[in-house]
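Examination of the molecular architecture
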Amino acid sequence: MTEYQMIEGTETVVRDGTIKLHGPAGFEGMRKAGQLAASILDEIAPMVQPGVTTAAIDDKIRELMLDGGSVPATLGYRGYTHSCCISINHVICHGIPSDKKLKDGDIVNIDVTPLLDGWHGDTSRMYFVGDVPLKARKLVDVTYECLMLGIEQAQPGNRLGDIGAAILEHAQKHRYGVVREFCGHGLGRLFHDAPEVVHAAKAGTGPELKPGMFFTIEPMINIGKPWGKMLADGWTAVTRDKSLSAQFEHSLAITETGNEIFTTSPKGLHQPPYS
């Protein structure tokens, strides 16, 4: 049976398998962290150009996080040594910034999580590098649609599986694969917490969605088969068939009447192209 736990304010919380239900203090903290995260993705959009290294983008993101009064939640997390994840083309997620230069035609996911006043604002967005082929653009568009269809199901009284069922149905209409190895997650004062938000699920299954739940929805959609594999670095996940992969991520809350997305773009840069 699913257990829920009320979190009234800024008390210490532990990863104990319970689903946390937050009050007004949590909503306020997550709004600030989420908007900082989204604004950082807005600010770096002009940098995502051919010839720019992913390390340079990582440096800029760290600078923006510190300037915003936060710290990068990923820096030092389980030994990770960067301030964001940057995943290019067939990389599903957790791409490590490096001296590799972006190339014309690349599609790129950038995933940021500033930790602001104890709250995690977790979001990712796709970017086009130069002239991107139509096939890749369609994948990115459908992935964004999957995210938003999943969010539509994030309603009080629905089940967690309703989110994944909506995502899976839409992706399969386009004969795309939905990655199973990675999922969304609860968050708040903890970076990763219950529940796991699976993006390929059966409607009507899973825990009931209740007001005060905070979690991410972050579908990873492949043009080819859904399966991925880990590289030797222990972080980078790539498609087994080397097909293109795309991802979008929002952090949100269940409210009494629906949901609240914490990480909407202040500049309206919801999906590429951004210019």
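Residues numbered from 1 in each chain as written. Predicted model: local features only at pLDDT ≥ 70, side-chain atom pairs only at ≥ 80, totals over all residues. Heavy atoms only, no water.

A few points about the packing of aromatic side chains
Stated precisely, the cut-off is as follows: Working definition: rings of Phe, Tyr and Trp (its six-membered ring) pair if their centres are within 6.5 Å, and the pair is stacked with planes under 30 degrees apart, edge-to-face with planes over 60 apart, and tilted otherwise. Each helix is a run of H or I in the DSSP string that is no shorter than four residues. Each strand is a run of E no shorter than two, and both are numbered from the N terminus. Only protein chains enter the accessibility calculation, which uses a 1.4 Å probe; a residue is then buried when its area is under 20% of its type maximum, exposed when over 50%, and partly exposed in between.
All chains considered together, the criterion is met by seven aromatic pairs. Centre to centre, the rings of Phe27 and Phe214 are 5.1 Å apart; their planes meet at 80 degrees, and the pair counts as edge-to-face. Of the two residues, Phe27 is situated in helix 1 (residues 24-44) and Phe214 in strand 13 (residues 214-217); the sequence distance between them amounts to 187 residues. On the basis of relative accessible area, Phe27 is assigned to the buried category, the value being 12%. Assessed through its relative accessible area of 3%, Phe214 is described here as buried.

Topic: the sheet that holds strand 6 (residues 107-112)
Put simply, the test is: DSSP bridges decide pairing: two strands pair if at least two such bridges lie between them. Here an axis means a line fitted to C-alpha atoms, over the contact stretch when the element is a helix, while the angle between two N-to-C directions is reported on a 0 to 180 degree scale. Throughout, a contact is declared for two residues whenever any of their heavy atoms are within 4.5 Å.
If you trace the three strands from one edge of the open sheet to the other, you get 4-6-9, paired in antiparallel fashion. A single partner strand is all that each edge strand has here, and the edge strands are strand 4 (85-88) and strand 9 (123-128). Taken pair by pair, the neighbouring strands of this sheet meet at an average axis angle of 20 degrees, ignoring direction. Inspection of the sheet shows strand 4 paired to strand 6 by four bridges, in the antiparallel sense. Looking at the pairing, Cys85 lines up with Asp111 of strand 6. Across the sheet, helix 1 lies against strand 6 and strand 9, angled at about 15 degrees from strand 9, the strand it touches most.

A word on the sheet that holds strand 16 (residues 237-239)
Spatially, 5-16-15 is the arrangement adopted by the three strands of the open sheet, whose pairing is antiparallel. A single partner strand is all that each edge strand has here, and the edge strands are strand 5 (91-93) and strand 15 (228-230). Between one strand axis and the next, the sheet turns by 40 degrees as a mean value, whatever way the strands run. Alignment of strand 5 against strand 16, held across two bridges, turns out to be antiparallel. Along strand 16, the bridge assignment pairs Val91 with Val238.

Considerations on the pairing of strand 18 (residues 250-254)
With five of five residues buried, strand 18 is to be regarded as a mostly interior element. What you see with strand 18 is no split at all: His250, Leu252 and Ile254 on one side and Ser251 and Ala253 on the other are buried throughout. Judged from the four bridges that link them, strand 13 and strand 18 form a sheet pairing that is antiparallel. What sits directly across from Thr216, in strand 18, is Ser251. Connecting strand 18 to the next strand, strand 19 (residues 259-261), in antiparallel fashion are four residues.

A few points about the packing of helix 3 (residues 134-152) against helix 4 (residues 160-173)
Our working definition: Angle categories: roughly parallel below 35 degrees, roughly antiparallel above 145, roughly perpendicular from 65 to 115, and oblique for all the rest. Note on convention: the crossing is left-handed when the near helix lies turned anticlockwise from the far helix by less than a right angle, right-handed when the turn is clockwise. Polar here means any residue outside two lists: the nonpolar Ala, Val, Leu, Ile, Met, Phe, Trp, Tyr, Cys and Pro, and the charged Asp, Glu, Lys and Arg; Gly therefore counts as polar.
It is at 8 Å that the axes of helix 3 and helix 4 come closest, and there the two elements cross at 150 degrees. With respect to each other, helix 3 and helix 4 are oriented roughly antiparallel. Relative to helix 4, helix 3 is oriented so that their crossing is right-handed. For the pair formed by helix 3 and helix 4, the contact residues are Val142, Glu145, Cys146, Leu149 and Gly150 on the first element and Ile163, Ala166, Ile167, His170 and Ala171 on the second. Broken down by class, the residue content of the contact of helix 3 with helix 4 amounts to seven nonpolar, two polar and one charged.

Notes on the pattern of salt bridges
Spelled out, the test is: Should a side-chain nitrogen of Lys or Arg be within 4 Å of a carboxyl oxygen of Asp or Glu, the pair is scored as a salt bridge.
Following the criterion strictly, the structure yields 10 salt bridges and no others. Residue Asp59 pairs with Arg62 through a salt bridge whose shortest N-O separation is 2.7 Å. Here Arg62 and Asp59 lie together in helix 2 (residues 54-67), a separation of three residues that amounts to about one turn. Take Asp59: its relative accessible area is 40%, and that puts it in the partly exposed class. Judged by its relative accessible area of 26%, Arg62 falls in the partly exposed class. As a salt-bridge pair, Glu63 and Lys60 come within 3.3 Å of each other at their nearest N and O atoms. Of this pair, Glu63 and Lys60 both sit in helix 2, three residues apart, which is roughly one turn of that helix. Lys60 gets classed as partly exposed once you look at its relative accessible area, which sits at 30%. Connected via shared salt-bridge partners are Asp16, Lys20 and Asp193.

Remarks on helix 3
Just so we agree on the cut-off: Expected helix span is given by 1.5 Å per residue-to-residue step, counting one fewer step than there are residues.
Compared with an ideal rise of 1.5 Å per residue, which puts 19 residues at 27 Å, helix 3 spans 27 Å between its outermost C-alpha atoms and is within 8% of the ideal. Looking at helix 3, one finds that the buried residues are Ala136, Leu139, Val140, Val142, Thr143, Tyr144, Cys146, Leu147, Gly150 and Ile151.

Section: the side chain of Glu260
Note the following rule: Two N or O atoms count as a polar contact when they lie within 3.5 Å, although within protein this holds only if one can serve as hydrogen donor and the other as acceptor, and sequence-adjacent residues are included solely when both atoms are side-chain atoms.
Position of Glu260 among the secondary structure elements: in strand 19. Separated by 2.7 Å, the side chains of Glu260 and Arg31 make a polar contact. When sequence neighbours within four positions are dropped, the list of residues in contact with Glu260 reads Phe27, Arg31, Ser251, Leu252, Ala253 and Thr255.

Don't take any of this as a statement about function, it's just geometry.
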